[in-house]
Amino acid sequence: MLYWANPSKQYESKKNKIDKSIASVLKKNKYILGQEVNLLEKEFSKFIGTSYSIGVANGTDAIEIVLRSLGIGPGDRVLTVSHTALATIAAIESTGAKPVLVDIETDFYTIDFNKAKQIFNSKIKAIIAVHIYGQSVDIKKLQNFCKRKKIYLIEDCSQAHGSSFNGKKLGSFGIASCFSCYPTKNLGAIGDAGLITTNNKSIAQKCTQIRQYGLKNGKSLIKGRNSRLDEIQAAILRIKLKDLNKDNKLRIKFASYYSEKLKNLPIVLPKVRKNTTHVFHLYVIKTRRRNTLLNFMKSNGVILGVHYLTPIHLQPAYKKRIAKTDMSVTEELSNNIVSLPIYPEIKKNELDKVIRLLKVFYDKKKS
Ligand SMILES: *Cc1c(COP(=O)(O)O)cnc(C)c1O
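Residues numbered from 1 in each chain as written. Predicted model: local features only at pLDDT ≥ 70, side-chain atom pairs only at ≥ 80, totals over all residues. Heavy atoms only, no water.

1. Quick look at the pairing of strand β2 (residues 52–56)
The side chains of a regular strand alternate, first on one face of the sheet and then on the other.
No. 1: In terms of burial, β2 is largely enclosed, as four of its five residues are buried.
No. 2: Of the strand pairs in this sheet, β2 and strand β10 (residues 194–198) are connected by five bridges, and their pairing is antiparallel. Residue Y52 lies in a different strand from β10, and its bridge partner there is T198. (Buried < 20%, exposed > 50% of the residue type's maximum accessible area, 1.4 Å probe, protein only. Helix = DSSP H or I, 4+ residues; strand = E, 2+ residues; numbered from the N terminus. Pairing = 2+ DSSP bridges.)

Here it is in structure tokens:
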């Protein structure tokens, strides 16, 4: 079976280094928030181009902790898209703030700036920009808007480790940014992990405190929680971070291979925003015949993904509580999208198999 993502292939390709680093952590008597986490934080902030980075337990926590560090909570609203992982919304709600959801752009599937302006209200204290699939939000425009409104811009970079806008890495535009290192992500642990980046010293300090019971110099000064990153995951991430540029380049190469070979099929291929680097966490196409395609591919040994089948505003847990706005692009997209297999370790013959099957599928339809 060929899957849309396959993190075990990445483990196999880096097995020697990963096994060695795990063994070295096991010998030390420090398994949580030690040297590996410290070094990862230094190396990751250098990679993104920010002054600080803070390791946390997962991507959802990264968002929640950033919001708390900004004083966002009950009575506040946070604006973001409905076309995102449940994590983005779960994080907002766990602070006591309420999510306000908005539609996406037709071409790039990221936040629709004009619709966001229309539904903006004074209770909104922050916007979370989700760089979905690795595609950059129109981040400069959003940054200027947030400045004018005097609200915070937070980036959700969980699918965009290494993407950039005008040559500057995503994760360095907002007041703080959040990364999930879930195993399938471009920078993925072998378990749960997350990272926060920021240039703001006081926010970095607050996030570090909130991560561990609000502690600073042995005293709990602010309300905290436990969202620590462990040494084994940090050690694994350090190894993968060294290869991240190379691995992202492979994803980009495979994405352009798909785009070249599939350009004559009756499907919508991903577009890349001008002056940005898209790291293709996912390669998502649009088709009107999704279910038949999913079944056809599965019967031929290829498991495609759907990101996401149900937009947040239609999820049972949220639909009664989310204010209704125009979500036509989000809804149309969620009915038609499919994620093709893409990851650094995928083989050329596997890409060719996907391409050949897609060609067979759409040829049959014509006859
Ligand atoms: C994966 C992901 C998250 C959060 O991830 P967890 O690590 O599972 O908590 C948040 N936002 C987006 C857009 C994601 O893709």
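2. Focus: the sheet that holds strand β5 (residues 124–130)
No. 1: Across the sheet, seven strands lie side by side as β2-β10-β9-β6-β5-β3-β4; this open sheet has mixed pairing. Since the sheet does not close on itself, it has two edges, and those belong to β2 and β4 (98–102), each with one partner. Across the sheet, the mean angle separating the axes of adjacent strands is 25° when strand polarity is ignored.
No. 2: Relative to strand β9 (residues 176–180), strand β6 (residues 152–156) runs parallel, the two sharing three bridges. Its bridge partner lying in β9, I154 is registered against A176.
No. 3: Packing of helix α4 (residues 59–69) onto the sheet brings it into contact with β2, β3 (77–81), β5, β6, β9 and β10, and relative to β9 it is tilted by some 165°.
No. 4: Here helix α8 (residues 201–211) sits on the sheet and contacts β2, β9 and β10; the angle it forms with β2, its principal contact strand, is near 15°. (Axes fitted to C-alpha atoms, helices over the stretch in contact; angles between N-to-C directions. Contact = heavy atoms within 4.5 Å.)

3. Some thoughts on the site of the ligand
No. 1: Near the ligand, the surroundings consist of 14 residues, among which T60, D156, Q159, S180 and K185 are the closest.
No. 2: A distance of 2.7 Å separates a nitrogen atom of the ligand from a polar side-chain atom of D156.
No. 3: Between K185 and the ligand, the recorded distance is 2.9 Å, taken from a side-chain N or O atom to an oxygen atom.
No. 4: For the ligand, the accessible surface in isolation is 380 Å², of which the surrounding protein chains cover 89%.
No. 5: Mapping the ligand onto the cavity grids shows that it belongs to the largest pocket.
No. 6: Of all elements in the fold, only α4 and α5 (86–94) reach the threshold of two or more residues within the shell around the ligand.
No. 7: Of the residues belonging to the shell around the ligand, the class tally is four nonpolar, eight polar and two charged. (Near = heavy atom within 4 Å. Polar contact = N/O pair within 3.5 Å; in protein donor to acceptor, adjacent residues only side chain to side chain. Areas by Shrake-Rupley, 256 points an atom, 1.4 Å probe, with all protein chains shown as cover. 1 Å grid on protein atoms, 1.4 Å probe; cavity = no way out; pocket = protein on both sides within 12 Å on 5 of 7 lines; lining within 4 Å. Sits in = over half its atoms within 2 Å of the grid points. Nonpolar A, V, L, I, M, F, W, Y, C, P; charged D, E, K, R; others polar.)

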